[in-house]
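# Breakdown of the fold
Chain residues, written in single-letter form:
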Amino acid sequence: MAQKKQNKFYITTPIYYVNDLPHLGTAYTTVAVDILARYHRMIKDNVFFLTGTDEHGLKIENQAKLKKKAPQELVDEISAQFSLAWDNLNISNDYFIRTTDQAHIKAVSQVLQFLYDKGYIYKSRYSGLYCLGCEQFKTENQLVNGECPEHKKKAEKISEQCYSFKLSAFQEELLKKIKSDEFKIRPQERKNEILSFLKNEKLQDVAISRKKVRWGIPFPFAKNHTTYVWIDAFLNYLTGLGWDGKIPFNPLLKEGKRKGELDFWPPDLQLMSKDILRVHATIWPGLLLALGLPLPKQLFIHGFFTIDGQKMSKSLGNVIRPDELIKKFGVDTTRFLLITACPFGRDGDISWQKIQDKYNADLVNGLGNLVSRVLTMAEKKLGGVVQAIYKIKDKNLEIKDQYQKAMANLELDQAFELLVNYGKYLDNYIEKNKIYKKEGPEAEKHLYLLLEALRILSWYLLPFIPETTDKIFSQLGLDATKEKEKSFVKAIGWGGLPPGAKVKKEGILFPRIK
Ligand code: MSP
């Protein structure tokens, strides 16, 4: 039989600034991308998941001064903290790119030379307003009383000689590609926002060099200028694949280097929040068009969340670090709490109380209690051994289509909700049929349904809470590694739990927390 061709799936997070440690905001995007990467691996796509750190620019230069450190020392320290935080959150990225990597720096330099030779970069003078928090030039109408609405700080007047990138040349092409969804922006309201911007305002060329900033990649043809940090940062999505900056573009990865001989370009999905949408929908595709490269297939803009109704900020002292949650609740629970905190794609609010309540309802009293209940009955009534496969028709247990639809639409919180409801259905099933009172063949039949449903439920949970899934598989008497080698379609078919499997309750999945 001919083998189905494997789809490639290239997914990215933004690369995070290293002027701050990882917090729940950056963790949110990273966990979401991890869930999607794991889901696509589960359905046997060929996945490349890239994340990393954005390490140049004035913001970092200033932070280093403040901390009395050399910029390189500071970025090494904080970048390592990001890497560690993502390891602690069980993030399965295929590569971690740093913009201070020599290979990245070399590639950026080559790109600038290429664009200069092609006439897309020209010498000019910039005079205008700059928000350091955003590391972006701003127009008057993007500011409120001269302040950046995002960072609540006055934009600084800058006037200097610089090199500019001819972004204005791409206005029509961008408009067309966004409108037709060739370059898709989701959710729809974000696409509308960008379309209305491109229809109503003239796209300005971008000043892409800075004379006063020292902590940046030197311009290859004007060494007293450094590269605007966003140009440097965008190219990570290319260099992170191992691209060396040579044109014609050849993103083929060499055998043995990172992932095997594969062409992952363009990204299938790039996740971020609304704060960096505008630049990702203009400068980023503009650069690619100038380089003659295909655009990403899709940008997905998830919501921005607040803590107890307030923006998370160091000055307010309400910043929550992912490690605090991990320490209190464990890794999988932290992943679950983040992803179910608000509807994916909408803004939301997080509070310790909500976190605690959700944990108790969905995990302690929900999934954890269900698994424990079913396993206890199986130990008691079946002697802990699965007797036979019972073919059971119960349409409430068939959630494959709804689940796959939710995952494909990036309704991550809803996909999880579906699984919570699946668990509730099984709980009701126990009550309705009074399984705890059944004995003999009757008990065998009902318990097979429950155990097998738990196995299938674990498959669906796998991208979200992978450690818990392994624990459930092993408590069902399965070898988790072997189980996960199955194809997804086969694995979620009924009857995968074989006769003879030794079921054993081991510990508590989600301990009650005071
Ligand atoms: N370095 C740039 C991105 C360059 S990508 C070529 C940057 N870095 S950042 O550290 O500020 O990260 C911004 C991103 O972090 C947001 O777009 C979002 O993905 C995530 N979040 C940061 N705070 C967040 C919330 N409070 N809520 C949701 N996501 C948040 O911008």
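Quick caveat, the model's predicted, so the values are computed rather than measured.

### Looking at the pattern of salt bridges
- All chains considered together, the criterion is met by 26 salt bridges.
- Lys8 is the salt-bridge partner of Asp268, the closest N and O atoms lying 2.8 Å from each other. Taken together, the residues Asp268 in the loop between helix H8 (236-239) and strand E15 (269-273) and Lys8 in strand E1 (residues 8-12) connect sequence positions 260 residues apart.
- Given a relative accessible area of 11%, Asp268 falls into the buried group.
- Linking Arg190 and Glu193 is a salt bridge whose minimum nitrogen-to-oxygen distance equals 2.7 Å. Taken together, the residues Arg190 and Glu193, both in helix H6 (residues 188-200) and 3 residues apart, mark about one turn of the helix.
- Linked through salt bridges whose partners overlap, the residues forming this network are Glu452, Arg455, Glu483 and Lys486.

### Looking at the side chain of Ser458
- Here Ser458 lies in helix H16 (residues 440-461).
- A polar side-chain atom of Ser458 sits 2.7 Å from the main-chain carbonyl oxygen of Leu454.
- With near-sequence residues (within four places) excluded, Ser458 lies in contact with Thr469, Ile472 and Phe473.

### So, the sheet that holds strand E9 (residues 156-165)
- Sheet architecture is open: 4 strands sit in the order E6-E5-E9-E11, paired in antiparallel fashion. Looking at strand neighbours, the two that pair on one side only are strand E6 (136-138) and strand E11 (206-207), the edges of this open sheet.

### A word on the sheet that holds strand E13 (residues 218-219)
- In space, the 3 strands of this open sheet follow the order E12-E14-E13, with antiparallel pairing throughout. Sheet topology places strand E12 (209-210) and E13 at the edges, where each strand pairs with a single neighbour.
- Sheet topology places E13 next to strand E14 (residues 222-227); 2 bridges connect them, and they run antiparallel. Paired with Pro218 across the strands is Thr226, a residue of E14.

### Let's talk about the nonpolar core
- Tyr403, Leu450, Leu451 and Phe464 are the most contacted members of the largest nonpolar core, which has 107 residues in total.
- Contacts of Tyr403, omitting those with residues within four sequence positions, involve Tyr39, Met42, Ala415, Leu418, Leu419, Tyr460, Pro463, Phe464 and Phe488.
- Residues Leu50, Val111, Phe114 and Ile231 belong to the second largest nonpolar core, which totals 67 residues.

### Quick notes on the packing of aromatic side chains
- Considering all chains together, one arrives at 34 aromatic pairs under this definition.
- A centroid spacing of 5.6 Å and a plane angle of 35° characterise the contact between Tyr120 and Phe170, whose relative ring orientation is tilted. Placement of the pair is Tyr120 in the loop between helix H4 (102-117) and strand E5 (121-131) and Phe170 in the loop between E9 and helix H5 (171-179), with a sequence separation of 50 residues.
- The exposure class assigned to Tyr120 is partly exposed, which follows from its relative accessible area of 21%.
- Pairwise contacts between aromatic rings join Tyr10, Phe48, Trp230, Phe234, Tyr237, Phe264, Trp265 and Trp284 into one cluster.
- Cation over ring: Arg210 sits above Tyr130, and NZ or CZ is 4.8 Å from the ring centre.
- The ring centre of Phe197 lies 3.7 Å from the NZ or CZ of Arg278, which sits over that ring.

### Some points on the site of the ligand
- The local shell around the ligand holds 23 residues, among which Ile15, Thr29, Asp54, Ser273 and Asp275 are the closest.
- One of the side-chain nitrogen or oxygen atoms of Asp275 is found 2.8 Å away from an oxygen atom of the ligand.
- The backbone of Phe305 places a nitrogen or oxygen atom 3.0 Å from a nitrogen atom of the ligand.
- Within the complex, 93% of the 670 Å² of free accessible area of the ligand lies under protein.
- Only strand E2 (16-17), helix H1 (24-42), helix H7 (229-234), H8 and E15 provide two or more residues apiece to the shell around the ligand.
- When its residues are assigned to classes, the shell around the ligand shows 12 nonpolar, 9 polar and 2 charged.

### As for unusual backbone geometry
- The linkage connecting Arg186 with the following residue, Pro187, adopts the cis geometry, with an omega of -5°.
- Relative to the helices and strands, Pro187 resides in the loop between strand E10 (184-186) and H6.
- Omega for the peptide link from Trp265 to Pro266 comes to 0°, which places this bond in the cis form.
- Topologically, Pro266 is positioned in the loop between H8 and E15.
- With a phi angle near 55°, Lys152 is a residue other than glycine that sits in the positive phi range.
- In this structure, Lys152 sits in the loop between strand E7 (147-148) and strand E8 (153-154).
- If you check the backbone angles, Lys434 has positive phi at about 45° while not being a glycine.
- As for its placement among the helices and strands, Lys434 is situated in the loop between helix H15 (412-432) and H16.
- For Lys434, a relative accessible area of 39% translates into the label partly exposed.

### So, the packing of H4 against helix H10 (residues 283-291)
- For the pair H4 and H10, interaxial distance at closest approach is 10 Å and the crossing angle is 70°. The angle between the axes of H4 and H10 places the two elements in the roughly perpendicular class. The handedness of the crossing between H4 and H10 comes out as left-handed. Mapping the contact onto sequence places Val111, Phe114 and Leu115 in H4 and Leu287, Ala290 and Leu291 in H10.
- Of the residues that constitute the contact of H4 with H10, the class distribution is 6 nonpolar, no polar and no charged.

Thresholds, definitions, all that
Residues numbered from 1 in each chain as written. Predicted model: local features only at pLDDT ≥ 70, side-chain atom pairs only at ≥ 80, totals over all residues. Heavy atoms only, no water. Salt bridge = Lys/Arg side-chain N within 4 Å of Asp/Glu carboxyl O. Helix = DSSP H or I, 4+ residues; strand = E, 2+ residues; numbered from the N terminus. Buried < 20%, exposed > 50% of the residue type's maximum accessible area, 1.4 Å probe, protein only. Polar contact = N/O pair within 3.5 Å; in protein donor to acceptor, adjacent residues only side chain to side chain. Contact = heavy atoms within 4.5 Å. Pairing = 2+ DSSP bridges. Core = buried A, V, L, I, M, F, W, Y, C linked by side-chain atoms within 4.5 Å. Phe/Tyr/Trp six-rings, centres within 6.5 Å; stacked < 30°, edge-to-face > 60°. Lys NZ or Arg CZ within 6 Å of the ring centre and 35° of its normal. Near = heavy atom within 4 Å. Areas by Shrake-Rupley, 256 points an atom, 1.4 Å probe, with all protein chains shown as cover. Nonpolar A, V, L, I, M, F, W, Y, C, P; charged D, E, K, R; others polar. Axes fitted to C-alpha atoms, helices over the stretch in contact; angles between N-to-C directions. Parallel < 35°, antiparallel > 145°, perpendicular 65-115°, else oblique. Left-handed = near helix turned anticlockwise from the far one by under 90°.

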